[in-house]
Amino acid sequence: MPVRQLPEMIVNRIAAGEVVERPASVVKELVENAIDAGSSRIDIFTDGGGRRKIAITDDGGGMTHADLTLAVDRHATSKLDDEDLLAIRTLGFRGEALPSIGAVARLGITTRHAGEPHAWSMSVEGGVKAPIVPAALTKGTRVEVSDLFYATPARLKFLKTDRTEAEAIREVIRRLAMARPDIAFSMAGEERAPVTWAAALPGPAGQLTRLGDILGAEFRLSAIEVRSEREGVVVEGFAAAPSLTRANALGQYLFVNGRPVRDKLIIGAVRAAYSDYLPRDRHPVVALFVTLDPQEVDANVHPAKTEVRFRNAGLVRGLIVHALKEGLAREGRRTAANSDGAVLASFRPNFAPNFPPRPATNWDWRASPSYPANYATGPMPSFDGSAALAEPGQAAFDVGGPSADVRFEVAPDPDLIDRPLGAARAQIHENYIVAQTRDGMIVVDQHAAHERIVYEKLKASIARNGVQRQLLLIPEIVEMDESTVEKLVDRAEELASFGLAIDSFGPGAIAVRETPSLLGKTNAGALLRDLAEHMAEWDEALPLERRLMHVAATMACHGSVRSGRRLRPEEMNALLREMEDTPNSGQCNHGRPTYVELKLADIEKLFGRR
């Protein structure tokens, strides 16, 4: 078959296959255009999951008659001042969205520029443009897309249900709304109830308000502000306390220069930052905003612009890890108990008393089940304290002695009361320390708390003295493919800091000379292969660091105060003081809270005093 030039209509439909993957792709491109137009409010309406209709209305700058004529042509854009693709400061720049949409759907555009006497309207059906005609519109632009993929019916069978496609659209809008809290958004459609997000104030407070509106009130309550800056790169945003987790990483959002992107860089960095706080199968919720010179990031690596490539990815990753670790350490004592009211809710009764209905009239108190039978025919005797609280009557309530001294001192030390974790007052069930603070009480899990203390001391010792190594009598030779060997040898210095000494042993082989003592007898081949796989995916040496920290955590667990051990008052207070001086003491090594806090005001609410 000879080579031939494809017709423009076919070219547009091929391009549409890259840009217009599903209705959510259409909404993303059109909302990005509205944001680039300087809009302060964007309204989105969808019908049939976006397949039947999509309408985007904004109050941006609009287009002139000449701009509208070119807007639906391929590679026509107003967003590139010159030909430098490394100085992109807008969300869109490829000039493919409108012609691609018009090639597979019925597209209608109505727009009004401030310098025009009235609005203009144009329609495109299956790639065929209709003449531009005058129209009525106050300001901005309205874009309507109907019968999506009618020109390419084969694409319709790859769409999911209307509800699934509508949810994909909402996720796209949520990401764009998180990126631009200064813009008001509204969503409407037959699939879900309408949603409106008002424009928020500038600064972190407004950003947190928008994130709370989208991610939920629980995120707003547990959010920790994070920020880190170096060499012109700024990482800022909010991360949820370790008490708020998800079963997957879908709650982790990254924005680069205002552009929502999906990047495996953030998953590895967040995993490293939270490694001391969460179980392996739980994932935190974070929203991070990276701001840097457009010259340092390439946004032109994906047709849908959902991925970027950093010139110095290591710097960005390091800043993300540092920002998260610094924020978590600063709020290290925030636990599930004192961040989301879970403790107060657990104390409330979860049942309703089954009282018989009270008659509306003619109520005789003598017919009450609580009326004393012995005095039905005579007067009630006067109250006598000794008779009313007779010993035989109280015998049924005898449940034995307490499991520990309930109160070991009459009045706690005033200086200890004012400490963050208060003064120890009792130990119950040989595992929980009850402490009194100035405005409430705290219950500490003694094993979990001491486990964190021992773990942090062990980590500090490793950081101070290095990882102890064991020299192999005979180096172990591990055969791998040459590219993997090169990657591992390039990171040999980093691996050596964790106690793993390796050398190249000819093409396709590595000699392991030393291994970390903490790991004991280990399979060097399996360890290297695990490292190689992780480096290929995340470009980091997490498996070795995680294994070392896992061993350290296990050692801390076995070396901690065990459950069931009775502690003296001075031991309890010493443990509380160590917790106050230990970073990350709010959670144990497995992600569980080490203590719960109940404010005096909450206790009074439980008893109806407030």
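What you see is a predicted model, and the numbers here were worked out from it, not measured in a lab. (Residues numbered from 1 in each chain as written. Predicted model: local features only at pLDDT ≥ 70, side-chain atom pairs only at ≥ 80, totals over all residues. Heavy atoms only, no water.)

1. Section: the overall build of the chain
Helix and strand content of the chain: 20 helices and 25 strands. Counting every position in the chain, which comprises 610 residues, the buried fraction comes to 45%. Nonlocal contacts in the chain, meaning residues at least 24 apart in sequence, comprise 68% of its contacts between residues at least 6 apart. Carbon and sulfur atoms make up 54% of the accessible area of the chain, which amounts to about 32000 Å² in all. (Helix = DSSP H or I, 4+ residues; strand = E, 2+ residues; numbered from the N terminus. Buried < 20%, exposed > 50% of the residue type's maximum accessible area, 1.4 Å probe, protein only. Contact = heavy atoms within 4.5 Å. Areas by Shrake-Rupley, 256 points an atom, 1.4 Å probe, with all protein chains shown as cover.)

2. A few points about the environment of F310
Within the secondary structure layout, F310 lies in strand β18 (residues 309-310). On the basis of relative accessibility, which here comes to 10%, the residue F310 falls in the buried class. Counting along the chain gives 15 residues from F310 to Q295, while the straight-line C-alpha distance between them is 9.4 Å. With residues near it in sequence (within four places) discarded, F310 still touches V256, D263, L265, V290, L292, E296, V297 and V316.

3. Considering the sheet that holds strand β13 (residues 252-256)
Pairing within the open sheet is mixed, and its 5 strands lie in the order β10-β11-β16-β13-β14. Each edge of the sheet is formed by a strand with only one pairing partner; in this case those strands are β10 (223-230) and β14 (259-261). Pairs of neighbouring strands in the sheet enclose a mean axial angle of 20°, with direction left out of account. Note that β13 and β14 share 3 bridges and pair antiparallel. In the strand pairing of β14, L254 is matched with V261. Those strands touched by helix α6 (residues 204-215) are β10, β11 (233-240), β13 and β16 (286-291), and its axis lies near 45° from that of β11. (Pairing = 2+ DSSP bridges. Axes fitted to C-alpha atoms, helices over the stretch in contact; angles between N-to-C directions.)

4. Regarding the packing of helix α2 (residues 23-36) against helix α5 (residues 162-179)
Helices that pack against each other are described as a pair by the angle of their axes relative to one another and the distance between those axes. Contact geometry of α2 with α5 gives a least axis separation of 8 Å together with a crossing angle of 25°. Considering the angle they form, α2 stands roughly parallel to α5. α2 and α5 meet at a crossing whose hand is right-handed. Here P23, A24, V27, K28, V31, E32 and I35 of α2 come into contact with α5, specifically with E165, A168, I169, V172, I173 and L176. Of the residues belonging to the contact of α2 with α5, the class tally is 10 nonpolar, no polar and 3 charged. (Parallel < 35°, antiparallel > 145°, perpendicular 65-115°, else oblique. Left-handed = near helix turned anticlockwise from the far one by under 90°. Nonpolar A, V, L, I, M, F, W, Y, C, P; charged D, E, K, R; others polar.)

5. Here we look at the nonpolar core
In terms of nonpolar packing, the biggest core is built from 60 residues, with V31, I42, I44, L107, V145, F185 and F219 touching the most fellow members. Counting residues per element, this core draws most heavily on α5, which supplies 8 residues. Formed by 34 residues, the second largest nonpolar core is a distinct cluster that contains Y274, Y277, L292 and F310. (Core = buried A, V, L, I, M, F, W, Y, C linked by side-chain atoms within 4.5 Å.)

6. Some details on the pairing of strand β3 (residues 106-112)
When β3 meets strand β4 (residues 119-125), the two strands line up antiparallel, connected through 6 bridges. Each bridged residue has a counterpart across the sheet, and for T111 the counterpart in β4 is W120. Here β3 folds back onto β4 in antiparallel fashion, the turn holding 6 residues. Sheet topology places β3 next to strand β7 (residues 140-146); 7 bridges connect them, and they run antiparallel. Bridge pairing in β7 places L107 opposite V145.

7. Here's the deal with unusual backbone geometry
Although it is not a glycine, D147 adopts a positive phi angle of roughly 50°. Here D147 is to be found in the loop between β7 and α5. A positive phi angle is found at E231, which is not glycine, with a value near 55°. You can see E231 is positioned in the loop between β10 and β11.

8. Brief notes about the pattern of salt bridges
Throughout the structure, instances matching the rule amount to 31 salt bridges. Put simply, E580 and R419 hold a salt bridge, and the shortest N to O gap is 2.8 Å. Within this pair, whereas E580 is found in helix α19 (residues 569-581), its partner R419 is found in the loop between α13 (414-417) and β19 (423-428), the two being separated by 161 residues in sequence. R419 gets classed as partly exposed once you look at its relative accessible area, which sits at 33%. Here E597 ties to K599 by a salt bridge, and the two come within 2.9 Å at their closest N and O atoms. E597 sits in the buried class, given a relative accessible area of 16%. By relative accessible area, K599 is classed as partly exposed at 33%. One connected set of salt bridges, linked through shared partners, spans E167, E171, R174 and R175. (Salt bridge = Lys/Arg side-chain N within 4 Å of Asp/Glu carboxyl O.)

9. Considering the packing of aromatic side chains
One pass over the full model with this rule turns up 2 aromatic pairs. Ring geometry for F255 and F289: centres 4.7 Å apart, planes at 15°, overall stacked. Taken together, the positions of F255 in strand β13 and F289 in strand β16 put the pair 34 residues apart, joining distant regions of the chain. For the pair shown, F255 and F289 are each scored as buried. Relative to Y277, the ring of Y274 has its centre 6.3 Å away and its plane inclined at 70°; by these criteria the two rings are edge-to-face. Y277 matches Y274 in its accessibility class, with the two residues each being buried. It is R106 that lies over the ring of Y150; its NZ or CZ is 4.0 Å from the centre. Directly above the ring of Y277 sits R452, whose terminal nitrogen or CZ lies 5.7 Å from the centroid. (Phe/Tyr/Trp six-rings, centres within 6.5 Å; stacked < 30°, edge-to-face > 60°. Lys NZ or Arg CZ within 6 Å of the ring centre and 35° of its normal.)

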